[in-house]
Each structure stands twice: as structure tokens, then as C-alpha cells.
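Residues per chain, in single letters:
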Amino acid sequence: MPKLLVVHGPNLNRLGSREPQRYGRATLDSVNERLRGLCDQHGVSFQATQSNYEGELIETIHAAADSGVGFIVINPAALTHTSIGLRDALLAVEIPFIEVHLSNIHAREPFRSCSYLADIAQGVISGLGAEGYELAVQAALRRMVGQQN
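Owing to the predicted nature of the structure, the values given are computational and were not obtained by experimental measurement.

Can you explain the sheet that holds strand 2 (residues 45–50)? Please cite residues and give values.
Spatially, the five strands line up as an open sheet ordered 2-1-3-4-5, and their pairing is parallel. Of all the strands in the sheet, just strand 2 and strand 5 (123–126) have a single pairing partner and so form its edges. Going across the sheet, the axis of each strand differs from the next one's by a mean of 20 degrees, ignoring polarity. Across four bridges, the pairing between strand 4 (residues 97–101) and strand 5 is parallel. Bridging from a neighbouring strand, Glu99 pairs with Val124 of strand 5. Packing of helix 2 (residues 28–41) onto the sheet brings it into contact with strand 1 (3–8) and strand 2, and relative to strand 2 it is tilted by some 160 degrees.

Help me get a handle on the packing of helix 3 (residues 54–66) against helix 4 (residues 84–93), residues and values and all.
Running from N to C, helix 3 and helix 4 cross one another at 5 degrees; their axes reach a closest spacing of 9 Å. When the axis of helix 3 is compared with that of helix 4, the two are roughly parallel. Each of Glu54, Leu57, Ile58, Ile61, His62 and Ala65 in helix 3 lies in contact with helix 4, whose residues at this interface are Gly85, Leu86, Ala89, Leu90 and Val93. When the residues that make up the contact of helix 3 with helix 4 are grouped by side-chain class, the tally is eight nonpolar, two polar and one charged.

Please provide a residue-by-residue account of the nonpolar core, values included.
Counting 26 residues, the largest nonpolar core has Leu4, Val6, Leu35, Val73, Tyr133 and Val137 as its most contacted members. Taken together, the elements giving at least two residues each to this core come down to strand 1, helix 2, strand 3 (69–75), strand 4 and helix 5 (131–144). Looking at this core, the element that brings in the most residues is helix 5, giving seven residues. Aside from chain neighbours lying at most four places away, what touches Val137 is Leu4, Val6, Leu35, Leu38, Cys39 and Val73.

Hey, could you go over the pairing of strand 1 for me, with residue numbers and the actual values?
The element strand 1 is extensively covered by neighbouring structure, given that five of its six residues are classed as buried. Summarising the sheet, strand 1 and strand 2 pair through six bridges and their orientation is parallel. Within the sheet, the bridge partner assigned to His8 lies in strand 2 and is Gln50.

The rules behind the values
Residues numbered from 1 in each chain as written. Predicted model: local features only at pLDDT ≥ 70, side-chain atom pairs only at ≥ 80, totals over all residues. Heavy atoms only, no water. Pairing = 2+ DSSP bridges. Helix = DSSP H or I, 4+ residues; strand = E, 2+ residues; numbered from the N terminus. Axes fitted to C-alpha atoms, helices over the stretch in contact; angles between N-to-C directions. Contact = heavy atoms within 4.5 Å. Parallel < 35°, antiparallel > 145°, perpendicular 65-115°, else oblique. Nonpolar A, V, L, I, M, F, W, Y, C, P; charged D, E, K, R; others polar. Core = buried A, V, L, I, M, F, W, Y, C linked by side-chain atoms within 4.5 Å. Buried < 20%, exposed > 50% of the residue type's maximum accessible area, 1.4 Å probe, protein only.

Below is the structure:
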């Protein structure tokens, strides 16, 4: 069975209560349940993880390679703009991934426009709230199960 991993970075455990005007009211659990439903419809195994610690996210990405994950959807959150280690982990495992951001990082502080991951990602979705995760998972599923146009 194909496997999809969704990685949520720092502070995403606070979804639904953290700056709802910017990030929306959906909780991380509700986002993951919608994504699990999409994967179930396509016979793809779903795994999601969230951590506020860079090293833990890197270890999760390394483990994904060893467990046969075929695609990653990642919201690196603030690590987008700072983590060469996260970039190197994604390069090391050679698993295709899509970068997701709830807010439009290009319409925020100038430092948020720089992503250390975007140039190695299959795609980037930014500014569509929780729907961005769903769009990323739909695109990943098409690629994983051979339904890409």
C-alpha cells in the first residue's frame, strides 16, 4: 500500500487557537482527519506528525525513507526560512514533497518570502488556509497512484 506522510512544523499544534484571523479556526486534528479521508478514498496509507523541534522533524523524514513513504506534504512553518538541516534531510531521502503554508508567506514580513525548500519541492501552496493541505494531498495522491494528467 502506498504511503503518504504529512509533516507539520513548529506551532501548528496550536491551529484553531493561534491567530485565527491569519491561520483559520480549523484544528490540526480536523485537518488530519480530512487528509486521512482523502487517502482512504485512494487506498493510500496516511501518517501525520507534528513537532516543535527541528531535529525531531528531521528524524521523521529519515524514518520515512526507511518505511517506504512515497510522498511527503510538509508545512515547515517558521523552519521554512531558517532550516538548512530540514532541506538537507529532504534531499537525503529523495522522497518527492509539496511545501504548504496556511498564510501567504509572500504577503507577510519580507524574511518570510525566503524558503529554503521551495526550489527542491514538487510544488508550493501558500495562502489558502487548511484547503492548501487538501490540494497538496490531492496532487500527491495523483502522483502516487498514477492519475497525473
